[in-house]
Amino acid sequence: MNQNQNEQPETTPRDPAALPLFTPDTAPQPRPGRVRSQFSMPLSTGRPGAPPAPTEQAASGGAGSVAAGLAGVSGRGAHAHAGIDWALVARLRAQASDRLSAALGGDRRALDREAQQQLGRSIIVGLLETEAQEAVSAGRDPLPLGLQDRMARAVFDALFGLGRLQPLVDDEAVENIEIDGCDNVLLEYADGLLKPGPAVAESDGELTDFLVFVASRSQVNARPFSPAQPRLHLRLDGGARLAATAWVTPRPAVVIRRHRLAAVTLDDLVAGGTITGLQASFLRAAVRAKKSIVVAGAQGAGKTTTVRALCSELDPWERVGTFETEYELGLHELRDPHTGGRRHRRAVAWEARPGSGEVGLNGRQAGEITLDDLLTDSFRFNLSRQIVGEVRGREVLAMIKAMQSGSGSISTTHSANAQGAIRKLITCAMEAGAHVTEAYATRAITEHIDLMVQVHLQTTSLEGEARRDRWVSEIVSIEPGERETGYATQHVFRAVPGGPGVANVLPEQLRDLERFGFDVHAFEAEAQMNGART
């Protein structure tokens, strides 16, 4: 391709409707004996960044064919990438990005995201028109209409979405995506099945470069990703969470977690077999009684889904603040299925910001804003309840501060069992600095956590595949006091093989949950049936 033919004039109009591509009368006429498609990309009406469903005209291969290629995401599946020249997609994405930056004068905040996507569509149209013209001029047949559609979709996804990953993220049946190198992809489906997926890049280098591009394009909270900072954590459009690492692993590794159950309730978990009706009664009462709860489990066990279900029991008018390293809970975005309004009408979400550049005298990188900083600021926001998301390390200090400042906090952490989760949180607190002694960490955590809810993840191998099942195996109450450990625990629901935990012992301090709707008599009956002492 002649590079000069693709250079965008400096006077590129900001309004896409003013571009020549949107005025068919000015478009170049096809050579005699040749027929080529005319491109158009209408605005989206579906998911953020997704164009509308195909029109009859597009489906028949006439004008608007590329609109079909940029159509809704359902049904794209494995066919979305058939026959695509990915080297060409990468080149067109780079050219489109340069033209978009030039049109915006280097300031991506000059237009909002929707307007940028509209302008991006017009640029992609121009690039594809040029490709078709050059093919005709060289005596070659232009790409078939169906392939033109897929090329348009692929370039758009590469510029504004996740490139070759986008069809996988858009697939409602896919829950998690695990990538260990560009061509080693594993998909976890909603029913728990694990199956191989398609390659997501031509090389590991291309995958890494694309991750750098995705991390840097955020207008609000761009994330560094480089050999100097080889870890990447960010929230994607639609609520999925991406974690990636490169340069410190043999091949770039990526995990995308899709939370299909955003507006999940405790009753939904009962219907799915994750908890029993009795566990739901207990947890519902615990949330309403403002007990502080930590949900523990292995990676991918469903901790965030469980927290969302717990939060569904909050009063819609309760003033709630969430604090996360990357937005994931999304309480501020959830909609009431009946009214269409916000489910949590007074929810405020805070997101930490990683620093970049040189480390200051305080030992922190320039621009860094931690969960602890955000939590301190939130004390003037009239909050009734502070929810700290995932606790992996130093976040435990923010969790402790939230629990000390009020009641009813909820968090998650990683652990193999409930007892181990307590010890893990104590260790995390001690690792925050020499000023945190074991005695202080133990007292601070066990004095303020009322319940530990353990979510069990079980993977079963099948023929060439695998299945993963999840359930709440333990619910443990915590009290300070024992001499040796500094705290005492009691299994309210104890683990049993193959399914959710069963009633065991109800501590005296939790009997007041009956006032909040807990069925104590049903608990005692189940406990006696299981041979427990109540």
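Residues numbered from 1 in each chain as written. Predicted model: local features only at pLDDT ≥ 70, side-chain atom pairs only at ≥ 80, totals over all residues. Heavy atoms only, no water.

Help me get a handle on the packing of aromatic side chains, residues and values and all.
As enumerated under the stated definition, the model contains 9 aromatic pairs in all. Measuring from ring centre to ring centre gives 4.9 Å for Phe323 and Trp350, while their planes differ by 5°; the resulting arrangement is stacked. Of this pair, Phe323 sits in strand β8 (residues 320-324) while Trp350 sits in strand β9 (residues 347-351), and the two are 27 residues apart along the sequence. Here Phe323 falls in the buried class, since its relative accessible area comes to 0%. Taken together, the ring pairs connect Phe282, Phe493, Phe518 and Phe523 into an aromatic cluster. Just above the ring of Phe213 sits the side chain of Arg93; from NZ or CZ to the centre is 4.3 Å. A cation over a ring is seen here: Lys195 above Tyr189, with NZ or CZ 5.7 Å from the ring centre. (Phe/Tyr/Trp six-rings, centres within 6.5 Å; stacked < 30°, edge-to-face > 60°. Helix = DSSP H or I, 4+ residues; strand = E, 2+ residues; numbered from the N terminus. Buried < 20%, exposed > 50% of the residue type's maximum accessible area, 1.4 Å probe, protein only. Lys NZ or Arg CZ within 6 Å of the ring centre and 35° of its normal.)

Can you lay out empty space enclosed by the protein for me, pointing to particular residues and giving the numbers?
In the structure shown here, the tally under the stated rule is 1 cavity of 30 Å³ or more. If you add up the space inside the largest cavity, you get close to 50 Å³. Together, Arg241, Glu324, Thr325, Glu326, Glu328 and Glu390 line the largest cavity. Residues that form the lining of the largest cavity fall into these classes: no nonpolar, 1 polar and 5 charged. (1 Å grid on protein atoms, 1.4 Å probe; cavity = no way out; pocket = protein on both sides within 12 Å on 5 of 7 lines; lining within 4 Å. Points joined across faces, edges and corners; volume = space filled by probe spheres on them. Nonpolar A, V, L, I, M, F, W, Y, C, P; charged D, E, K, R; others polar.)

Can you tell me about the packing of helix α12 (residues 395-405) against helix α14 (residues 438-448), naming the residues and giving the values?
Viewed as axis vectors pointing N to C, α12 and α14 meet at an angle of 50°, and their least axial separation amounts to 9 Å. As judged from the angle between their axes, α12 and α14 are oblique. The way α12 lies across α14 gives a crossing that is left-handed. Of α14, the residues touching α12 (which contributes Val396, Ile400, Met403 and Gln404) are Tyr440, Ala444, Ile445 and His448. (Axes fitted to C-alpha atoms, helices over the stretch in contact; angles between N-to-C directions. Parallel < 35°, antiparallel > 145°, perpendicular 65-115°, else oblique. Left-handed = near helix turned anticlockwise from the far one by under 90°. Contact = heavy atoms within 4.5 Å.)

Could you give an account of the sheet that holds β8, naming the residues involved and the relevant values?
Read across the sheet, 3 strands follow the order β9-β8-β10 without closing on themselves; strand pairing throughout is parallel. In this open sheet, the two edge strands, each paired with only one partner strand, are β9 and β10 (385-388). Shown here is a sheet whose adjacent strand axes are inclined to one another by a mean of 20°, direction ignored. Pairing of β8 with β9 involves 5 bridges; the strand directions are parallel. Its bridge partner being in β9, Thr322 is matched across the sheet by Ala349. (Pairing = 2+ DSSP bridges.)

Outline unusual backbone geometry, supporting the account with residue identities and numerical values.
One non-glycine residue with positive phi stands out, namely Lys290, at about 60°. Here Asn382, not a glycine, exhibits a phi torsion of approximately 60°, which is positive. Along the chain, Asn382 turns up in the loop between α11 (371-378) and β10.

Tell me about helix α13 (residues 418-430), residues and numbers included.
Its 13 residues give α13 an end-to-end C-alpha distance of 19 Å, which sits within 8% of 18 Å, the value for a rise of 1.5 Å per residue. Taken residue by residue, α13 has Ala418, Gly420, Ala421, Ile422, Leu425, Ile426, Cys428 and Ala429 as its buried positions. A side-chain oxygen of the first residue of α13 lies 3.4 Å from the backbone nitrogen of Gln419; this N-cap is Asn417. (Expected span 1.5 Å × (residues − 1). Polar contact = N/O pair within 3.5 Å; in protein donor to acceptor, adjacent residues only side chain to side chain.)

Would you mind going over the pairing of strand β16 (residues 499-503) in detail, with residue names and values included?
Within β16, 5 of the 5 residues are buried, leaving the element largely enclosed by the surrounding structure. Connecting the antiparallel pair strand β15 (residues 487-496) and β16 is a turn made up of 2 residues, with Gly498 showing a positive phi of about 80°.

So, the environment of Ala228: which residues are in play, and what are the values?
As for its position among the elements, Ala228 is in the loop between α7 (204-216) and β4 (231-235). Ala228 sits in the exposed class, given a relative accessible area of 70%. Spatially, the C-alpha atoms of Ala228 and Trp247 are 9.1 Å apart, while their sequence positions differ by 19 residues.

Which residues make up the confidence of the model for the protein chain, and what values go with them?
Across the protein chain, the average pLDDT comes to 80, with 80% of residues at or above 70. Of all the helices and strands in the protein chain, helix α1 (residues 56-59) carries the lowest mean pLDDT, 34, while helix α9 (residues 277-288) carries the highest, 97. (pLDDT = per-residue confidence, 0-100.)

Now, about the pattern of salt bridges: what can you tell me, with residues and values included?
Overall, the coordinates contain 24 salt bridges when judged by the stated rule. The shortest N-O distance in the salt bridge between Glu395 and Arg392 comes to 3.9 Å. Through salt bridges with shared partners, a single network forms among Arg241, Glu328, Glu390, Arg392 and Glu395. (Salt bridge = Lys/Arg side-chain N within 4 Å of Asp/Glu carboxyl O.)

Please provide a residue-by-residue account of the pairing of β4, values included.
Where burial is concerned, the two faces of β4 differ: the one with Leu232 and Leu234 is buried and the one with Arg231, His233 and Arg235 is not. Two strands pair when backbone bridges link them, and β4 and strand β5 (residues 241-245) are joined in this way by 5 bridges, in the antiparallel orientation. By the bridge assignment, Leu232 is partnered in β5 with Ala244. Linking two consecutive strands that pair antiparallel, namely β4 and β5, is a turn of 5 residues; a positive phi of about 95° is found at Gly238 within it.

Just give me the short version of the environment of Ala158, but keep the residues and values in it.
Within the secondary structure layout, Ala158 lies in helix α5 (residues 145-160). Sequence-wise, Ala158 and Ala94 are 64 residues apart; in three dimensions their C-alpha atoms are separated by 9.2 Å. Beyond its immediate chain neighbours, meaning those up to four positions away, Ala158 contacts Val89, Arg93, Gly163, Phe210, Phe213 and Arg217.

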